[in-house]
Amino acid sequence: MKKAEDFSEWYNEIVEKANLTDKRYPIKGMNVWTPYGWKIMQAIDAHIRHEFDSTNHNEVCFPLLIPEDQFAKEKEHIKGFDAEVFWVTHAGLNPLDVKLLLRPTSETAMYPMFAIWVRSHADLPLKTYQIVNTFRYETKQTRAFIRVREIHFFESHTCHADLEDAERQVKEDYAIMARLSKKLCIPYKLLKRTEWDKFPGAFYTVGIDTLLPSGRSLQLGSIHQYKENFSKPYEIKYEDEKGEHKYVHQTTYGMSERLVGAVVALHGDDKGLVLPPDIATMQIVIIPILAKGAVDQVTEEARQLQKDLKDAGFRTHLDERDLRPGAKYYDWELKGVPLRLELGLRDMEKEQVTFVRRDTGEKSLHPRTHVVDEVRKMLSTIAGDMLDMIQKEMDANTVTVDTLDNLPGKLIKTGWCGGEDCGREIEARSNKNILGTPIDGEKFEGVCVICGKPTDKPVYLADAM
Ligand code: ZN
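Residues numbered from 1 in each chain as written. Predicted model: local features only at pLDDT ≥ 70, side-chain atom pairs only at ≥ 80, totals over all residues. Heavy atoms only, no water.

Time to look at the overall build of the protein chain. For the protein chain, the helix and strand inventory stands at 13 helices and 25 strands. Its C-alpha atoms give the protein chain principal-axis dimensions of about 80 × 55 × 50 Å. Counting every position in the protein chain, which comprises 465 residues, the buried fraction comes to 51%. In the protein chain, once contacts between residues fewer than 6 apart in sequence are set aside, the share between residues at least 24 apart is 67%. (Helix = DSSP H or I, 4+ residues; strand = E, 2+ residues; numbered from the N terminus. Buried < 20%, exposed > 50% of the residue type's maximum accessible area, 1.4 Å probe, protein only. Contact = heavy atoms within 4.5 Å.)

With that settled, the discussion passes to the coordination of the zinc ion. Distances from the zinc ion to its protein donors, namely Cys417 (SG), Cys422 (SG), Cys448 (SG) and Cys451 (SG), fall within the range 2.3 to 2.4 Å. Taken together, the four donor atoms surrounding the zinc ion define angles of 103 to 115° at the centre, an arrangement classified as tetrahedral. Read in sequence order, the donor residues for the zinc ion give the motif C-x4-C-x25-C-x2-C. Taken together, the residues Cys422 in helix H13 (residues 420-430) and Cys448 in the loop between strand E23 (446-447) and strand E24 (454-455) connect sequence positions 26 residues apart. The buried category is assigned to Cys422, whose relative accessible area is 11%. Taking the relative accessible area as the measure of exposure, Cys448 reaches 2% and is therefore buried. (Donors = N, O, S within 2.8 Å, 3.2 Å for Na, K, Ca; no water. Tetrahedral: all angles 85-135°; square planar, octahedral: opposite > 155°, others 65-115°.)

On to the layout of surface pockets, then. Quantified by volume, the second largest pocket comes out at close to 360 Å³. When residues of the lining of the second largest pocket are traced back to their parent elements, those giving at least two are helix H1 (7-17) and strand E1 (21-22). If you tally residues by element for the lining of the second largest pocket, the top one is H1, at three residues. Class assignment for the residues of the lining of the second largest pocket results in five nonpolar, seven polar and seven charged. (1 Å grid on protein atoms, 1.4 Å probe; cavity = no way out; pocket = protein on both sides within 12 Å on 5 of 7 lines; lining within 4 Å. Points joined across faces, edges and corners; volume = space filled by probe spheres on them. Nonpolar A, V, L, I, M, F, W, Y, C, P; charged D, E, K, R; others polar.)

Another aspect to go through is the pattern of salt bridges. Scanning the model with the defined rule gives 34 salt bridges in all. For Glu374, the salt bridge is made with Lys377, and the minimal N-O distance between the two is 3.3 Å. Here Glu374 pairs with Lys377, and both are found in helix H12 (residues 371-396), just three residues apart, close to one helical turn. Given a relative accessible area of 17%, Glu374 falls into the buried group. When the shortest N-O distance is used, the salt bridge between Glu425 and Arg429 registers 3.0 Å. (Salt bridge = Lys/Arg side-chain N within 4 Å of Asp/Glu carboxyl O.)

Time to look at the packing of aromatic side chains. Describing an aromatic ring pair means giving the distance of the ring centres and the angle of the ring planes. Enumeration according to the criterion identifies 20 aromatic pairs in this entry. With a centroid separation of 5.8 Å and 50° between ring planes, the pair formed by Phe62 and Trp117 is classed as tilted. In this pair, Phe62 is assigned in the loop between strand E3 (58-59) and strand E4 (65-67) and Trp117 in helix H5 (residues 107-117), connecting sequence segments 55 residues apart. Among the residues examined, Trp117 registers a relative accessible area of 38% and is labelled partly exposed. (Phe/Tyr/Trp six-rings, centres within 6.5 Å; stacked < 30°, edge-to-face > 60°.)

Nonpolar side chains in soluble globular proteins tend to end up buried together. Formed by 55 residues in total, the largest nonpolar core has its most connected members in Tyr11, Leu20, Ile44 and Tyr253. If you count residues domain by domain, this core takes at least three from each of domain 1 (7-267) and domain 2 (284-376). Ignoring anything within four residues of it in the chain, the contact list for Leu20 reads Val15, Trp33, Thr34, Tyr36, Gly37, Ile40, Phe145, Val264 and Leu273. Counting residues in hydrophobic clusters, the runner-up holds 25 residues, among them Ile78, Ala109, Tyr226 and Tyr238. (Core = buried A, V, L, I, M, F, W, Y, C linked by side-chain atoms within 4.5 Å. Domains from an automatic or database assignment.)

Here 11 strands make up an open sheet; going across it, the order is E3-E7-E8-E14-E11-E10-E9-E22-E25-E21-E20 and the pairing mixed. The sheet terminates laterally at E3 and strand E20 (398-400), the two strands that pair on one side only. Across the face of the sheet, helix H6 (residues 163-184) comes into contact with strand E7 (126-135), strand E8 (150-160), strand E9 (189-192), strand E10 (204-211), strand E11 (217-227) and strand E14 (249-256) while running at roughly 15° to E14. The strands that helix H8 (residues 258-267) touches are E10, E11 and E14; relative to E11, the one it contacts most, it runs at about 150°. (Pairing = 2+ DSSP bridges. Axes fitted to C-alpha atoms, helices over the stretch in contact; angles between N-to-C directions.)

Their axes nearest at 11 Å, the elements helix H2 (residues 35-53) and H6 cross at an angle of 150°. Here H2 lies roughly antiparallel to H6, going by the angle between them. Judged by the sense of rotation from one axis to the other, the crossing of H2 with H6 is right-handed. Taking contact as the criterion, the partners of Ile44, His47, Ile48, Glu51 and Phe52 in H2 are, on H6, Asp173, Ile176, Arg179, Leu180, Lys183 and Leu184. Its residues assigned to classes, the contact of H2 with H6 shows six nonpolar, one polar and four charged. (Parallel < 35°, antiparallel > 145°, perpendicular 65-115°, else oblique. Left-handed = near helix turned anticlockwise from the far one by under 90°.)

Entries for the protein chain in the domain assignment read domain 1 (7-267), domain 2 (284-376) and domain 3 (398-464). Placing the centre of domain 2 and that of domain 3 at their C-alpha centroids yields a distance of 50 Å.

Side chains of Glu5, Asp6, Glu9 and Asp270 sit close together on the surface and give a patch of like negative charge. With a relative accessible area of 66%, Glu5 lands in the exposed category. (Patch = residues over 30% accessible without salt bridge, like charges linked within 9 Å, V, L, I, M, F, W, Y side chains within 5 Å. Areas by Shrake-Rupley, 256 points an atom, 1.4 Å probe, with all protein chains shown as cover. Lys, Arg positive; Asp, Glu negative; His and termini not counted. Charge placed at Lys NZ, Arg CZ, Asp CG, Glu CD.)

Our next topic: the environment of Trp33. Considering the arrangement of structural elements, one finds Trp33 in strand E2 (residues 32-33). In this structure, the C-alpha to C-alpha distance between Trp33 and Lys23, residues 10 residues apart in sequence, is 8.9 Å.

Glancing now at the side chain of Ser181. Mapped onto the fold, Ser181 is located in helix H6. Assessed through its relative accessible area of 5%, Ser181 is described here as buried. Apart from residues lying up to four places away in sequence, Ser181 is in contact with Ile186, Tyr188 and Leu387.

Looking now at the pairing of strand E25 (residues 458-462). When you tally the buried positions in E25, you get five out of five residues, the bulk of the element. Here E25 shows two buried faces, one formed by Pro458, Tyr460 and Ala462 and the other by Val459 and Leu461. Examined bridge by bridge, strand E21 (residues 411-415) and E25 share four bridges and lie antiparallel to one another. Of the residues in E25, the one forming a bridge with Ile412 is Leu461.

Enumeration over the complete set of coordinates arrives at two cavities of 30 Å³ or more. For the largest cavity, the calculated volume is near 50 Å³. Every residue lining the largest cavity is listed: Leu211, Leu212, Pro213, Leu266, Ile390, Glu393, Met394 and Asn397. Considering every element that reaches the lining of the largest cavity, the biggest residue donor is H12, with three residues.

Set out below in C-alpha cells:
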C-alpha cells in the first residue's frame, strides 16, 4: 500500500502489519494494546511524566465513575459531553438512584474533591495530573489511536490564586509541549479556538494541531484556561492573606494516544513505521551477517556489541533468528527501528560497523572503537532530521489565500477580523473548520476575507481528521 496514493488505507494497514493494536476486540473503537504498541505509548507517557513531575505537578488517580449530579453542575460542560457518555444504570440487579457515568474527562470527578482539598492560599497552586482511560461514544468512523471510544488519556488539572498565575501555567504548558514535540519529532501549531469551538466550559481553548499528509489537521491535544468557570459551580474557594474567600482560577492540559497515531501517520512510509529514537521500543537492532566458517566469531562479536550499547543505555536488540539478513531487514523496517547495525566478517576485519538509518535508508561505516559515541550522534541526527522533514512538509502544505474559492486540501491561512459572523461565514464558504488564531504573535498584514476590514491576525482553516 502506498502512503501517497491512499493515506487512510495505508494508515490502517501499517498499524495492523506493525502490530501496534488489535481491533478485533468485540467492542467497536475499544482496541487492545499489543506489547509493541504499548511500549511506544509507555515511552511517550514516561516523557510526559518526566515533564510534569519536573514542573512540580503531582500525579493522582481518580475513580472512573462519576455521579450524574456532579457531572451536571457546569451547564456548558454537560451540554458538550451529554451525547458522548457511557452510563452505568445498575449495580447488580438494582437500578441506581443516581446514575453513574464513565469519565469522558475528569473535571467533574476531580473538582468536588478539589473543593475539599483547597482551603487556604498556602494550598495553591495545586498542580495535578493523571494518565487514565477515558470513554467517549464516538459516532464517526473509528480509527486506531486517532478516533477511539476508550482513550488512553493524559490530563493535567491546576488551581491558582488568580488569573495571572493561571496564565503563567498556560505558558508553562506551551513550553512543555515544545519539549515533547522534539521527542516525538512532530511539528505543531498552537491555535486559539473560536468561541463556538472552545472546550465546553472553558474561558478559552488553545488547540495543539499538526497536519497529516492527507492535508487534514489532527489535534494532538489542548490547553484550557477555565478562569472561575468551574470553581464557581464546584465551590473551589480559598482564604487569602486578608481572610477573604476567593474562587480559584483553573487550567487543564489534555493529550492522548493520538500522539501515537500522529507518529505513525507523519513518519511512516511505504515500508512501515519510522519511530523517533526517543520513543522507539528498540532504538537499535543488530543484524549479524553470518558467513560460513565464521559463525561463532561474528555471533560473539555481535553479542559484545549489543552489550556495549546496552551498557551505554541504548535500547538494543540483537536479532539472532535463523533467517536471511534480508528477511530481518524487512521486519525491522516494518517495525520502525530507527537504526540498524550490520556486522559481518569483513566489518570485523576492518574494525568497523555498518549503520543503516531507517528514516533515510542511508548507509555509513563507523569505527568499532567509537561505536557508542557514533550511535549517540547518529540517533540525535535522525531525530533532528525527522522533525525538520515534517516541519518542511507542513510549511509546504500551508497556503495563504485572499479568497475562499477553490481552496486546496491543505492548511489554509487567511485574514479574519475576529467577528463571529465573519468567522461562521468563513467556515460556511470554505467548507472547512477554523482551527483558530496563532498565539505566538505570528505577523500578518491583510484584510478579513469576508468583510474586508484590515486585520493583523491570520486564521487557520483545515479539514479536520
Ligand atoms: Zn470580518
